[in-house]
Amino acid sequence: MTAPIPSPSARPEVERLKGYSAPLEGRRGLLRLDFNENTIGPSPAVAEALRAFPADQIAVYPEYDGLREAVIANLQASSAGLAYPLSIEQVGLFNGVDAAIHAVIHAYGAPGDTLLTTSPTFGYYAPCAGMQGMVVEAVPHVLPGFRFPLQQIRDALERRPRILMLCNPNNPTGTRLSVEHVLELAASAPDTLVVVDELYEAFTGDSVLPTVDFGLHSNLLVLRSLAKTSGLAGLRIGFAFGHADVVDRVCRVTGPYDVNSLAVTAAFAALSDQAYTDHYVAEVLRARDYLVTHLTQSGASFHCDGGNYLLVWPRRSAAEVEQKLRSAGILVRSMAGKPQLDGSLRVSIGTQAQMQRFWECYRTLER
């Protein structure tokens, strides 16, 4: 009997890698407070645009004409505006911000280089760095309160890491970093690519985009998405904003058609109905205030800062509470095993009605 032929080995960096995975199956029909998604769905304009998409166009490679211009126009029309105009060459399109993160690290990270970030933070940064053989230096947040470790990051930048990844506000702690400090860090480290992941900035208002001059801060790159606010998480579309040369280099390591036609169609529609997105964000902020008020009055242990989420530490086992919430049709995210967060649950914020439902169930479990 012929012995089986072993499969070829991948690169050593990949063989050593522990892939990033998330428990995404079996969630439909439940109250999704586990992945910080929009909890009610996109604008009706998005649904209408998708229904009207011509069937024959599914056979055609996607076209992106006008989408970058629409994104820039949306930013310019916002209350914050843009102090320095953006050109289309300064906007990259990606199959979600996850793909943008991967592309940034692929383009700029090499074996032995350092990726500097904070801890705990979004779990996809480290695997992407690992794929490239990079060394991850994760600086813990300052306790109590998960404050940003500003001086420690300043000190680490003196060692000239290749990339600094800043999730602002940070997922999952909600830690916020002011625009002034982001720009200070970028200016202090011209040899480091400073990447600001702004997926949750709409719930906080700490974006650097309204004020940054990418001609002056050419080592700064900002990532945005339509997933958390506009409800397009299932279609995958993300953006990178920066100096044209940096955007060009990052886009060189992506495919020519990574963003599909339906995502492009949905993005146009979502950008055309900013009022819907603004209304949803305002509702989330009201719901966050509602939940924080009730958690405070009950004496619960919790932490809330930026973003559309907060952390709670149940009095009983977090795993038990998570399971009982799921049995009641409510999903939350366990932070088991994460630095500084073991024993906590991350709860995404939806509408006031949804958070009332969560609170009624959670407070019963806390008795």
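A short tour of the structure in this document, coming up. Small disclaimer: the values here were computed from a predicted structure and weren't measured. (Residues numbered from 1 in each chain as written. Predicted model: local features only at pLDDT ≥ 70, side-chain atom pairs only at ≥ 80, totals over all residues. Heavy atoms only, no water.)

### With respect to the environment of C167
So, step 1. The topology assignment puts C167 in strand β5 (residues 163-167).
So, step 2. Since its relative accessible area comes to 8%, C167 is described here as buried.
So, step 3. Considering only alpha carbons, one finds C167 and F94, 73 residues apart in sequence, at a separation of 18 Å.
So, step 4. Ignoring sequence-local partners within four residues, the contact set of C167 consists of T121, Y125, T175 and D197. (Helix = DSSP H or I, 4+ residues; strand = E, 2+ residues; numbered from the N terminus. Buried < 20%, exposed > 50% of the residue type's maximum accessible area, 1.4 Å probe, protein only. Contact = heavy atoms within 4.5 Å.)

### Regarding the sheet that holds strand β2 (residues 91-94)
So, step 1. The sheet built from seven strands is open, its strands ordered β2-β8-β7-β6-β5-β3-β4 with mixed pairing. Edge positions in the open sheet fall to β2 and β4 (135-140), since each of these has one partner strand only. For this sheet the average axis-to-axis angle between neighbouring strands, irrespective of direction, equals 20 degrees.
So, step 2. With five bridges connecting them, strand β7 (residues 220-225) and strand β8 (residues 238-242) associate as antiparallel partners. Its bridge partner being in β8, L221 is matched across the sheet by G242.
So, step 3. Sheet contacts for helix α6 (residues 150-157): β3 (114-119), β4 and β5; angle to β3, the most-contacted strand, approximately 175 degrees. (Pairing = 2+ DSSP bridges. Axes fitted to C-alpha atoms, helices over the stretch in contact; angles between N-to-C directions.)

### So, the packing of helix α3 (residues 67-77) against helix α9 (residues 261-272)
So, step 1. Relative to each other, α3 and α9 sit at 25 degrees, their axes nearing to 10 Å. Here α3 is positioned roughly parallel relative to α9, judged by the angle of their axes. Relative to α9, α3 is oriented so that their crossing is left-handed. Contacts from L67, A70, V71 and N74 of α3 reach α9 at V264, A267, F268 and L271.
So, step 2. Residue composition of the contact of α3 with α9, grouped by class: seven nonpolar, one polar and no charged. (Parallel < 35°, antiparallel > 145°, perpendicular 65-115°, else oblique. Left-handed = near helix turned anticlockwise from the far one by under 90°. Nonpolar A, V, L, I, M, F, W, Y, C, P; charged D, E, K, R; others polar.)

### What to know about the packing of aromatic side chains
So, step 1. All chains considered together, the criterion is met by eight aromatic pairs.
So, step 2. Residues F122 and Y125 carry aromatic rings whose centres are separated by 5.5 Å and whose planes lie at 85 degrees to one another, so their mutual orientation is edge-to-face. One exposure class covers both F122 and Y125, and it is buried.
So, step 3. Taking 6.3 Å as the distance between ring centres and 10 degrees as the angle between the ring planes, the aromatic pair formed by F146 and W313 counts as stacked. Here F146, found in the loop between β4 and α6, pairs with W313, found in strand β10 (residues 309-313); they are 167 residues apart in sequence, far enough to count as distant.
So, step 4. Take W313: its relative accessible area is 21%, and that puts it in the partly exposed class.
So, step 5. Put simply, the rings of F122, Y124 and Y125 touch in pairs and so form one group of aromatic residues. (Phe/Tyr/Trp six-rings, centres within 6.5 Å; stacked < 30°, edge-to-face > 60°.)

### Regarding the pattern of salt bridges
So, step 1. Counting across every chain of the model gives 17 salt bridges.
So, step 2. When the shortest N-O distance is used, the salt bridge between D34 and R27 registers 2.7 Å. A single burial state applies to D34 and to R27, both of which are buried.
So, step 3. For E283, the salt bridge is made with R286, and the minimal N-O distance between the two is 3.0 Å. In this pair, E283 and R286 are both assigned in helix α10 (residues 274-298), three residues apart and thus about one turn of the helix distant.
So, step 4. For E283, a relative accessible area of 15% corresponds to the buried category.
So, step 5. Judged by relative accessible area, R286 falls into the partly exposed class, the value being 38%. (Salt bridge = Lys/Arg side-chain N within 4 Å of Asp/Glu carboxyl O.)

### Some details on the side chain of N36
So, step 1. Note that N36 resides in the loop between β1 (31-32) and α2 (44-51).
So, step 2. Ignoring sequence-local partners within four residues, the contact set of N36 consists of N171, Y200, K228, N308, Y309, R346 and S348.

### What to know about the layout of surface pockets
So, step 1. The space that makes up the second largest pocket amounts to roughly 630 Å³.
So, step 2. If you go around the second largest pocket, you meet 29 residues; those closest to its centre are L75, E201, A202, R224 and Q274.
So, step 3. Of all the secondary-structure elements, those providing two or more residues to the lining of the second largest pocket are α3, β7, β8 and α10.
So, step 4. For the lining of the second largest pocket, the per-class residue count stands at 14 nonpolar, eleven polar and four charged. (1 Å grid on protein atoms, 1.4 Å probe; cavity = no way out; pocket = protein on both sides within 12 Å on 5 of 7 lines; lining within 4 Å. Points joined across faces, edges and corners; volume = space filled by probe spheres on them.)

### Some points on the packing of α2 against α9
So, step 1. One can describe the packing of α2 onto α9 by two numbers: an axis separation of 8 Å at closest approach and a directional angle of 145 degrees. By crossing handedness, the relation of α2 to α9 is classed as right-handed. Where α2 approaches α9, its residues A45, V46, A49 and L50 are matched on the opposing element by L262, T265, A266, A269 and A270.
So, step 2. When grouped by side-chain class, the residues that make up the contact of α2 with α9 number eight nonpolar, one polar and no charged.

### Comments concerning the nonpolar core
Generally speaking, soluble globular proteins have nonpolar side chains that are buried together.
So, step 1. Within the largest apolar cluster, 57 residues are counted, with the highest numbers of intra-cluster contacts made by I101, L221, L291, M355 and F358.
So, step 2. Residue contacts for F358: discarding those within four places in its chain leaves L33, L291, L325, I330, V332 and V347.
So, step 3. In this structure, I72, V139, F148 and L185 belong to the second largest nonpolar core, which totals 47 residues. (Core = buried A, V, L, I, M, F, W, Y, C linked by side-chain atoms within 4.5 Å.)

Scope: geometric values only; no functional claims are made or implied.
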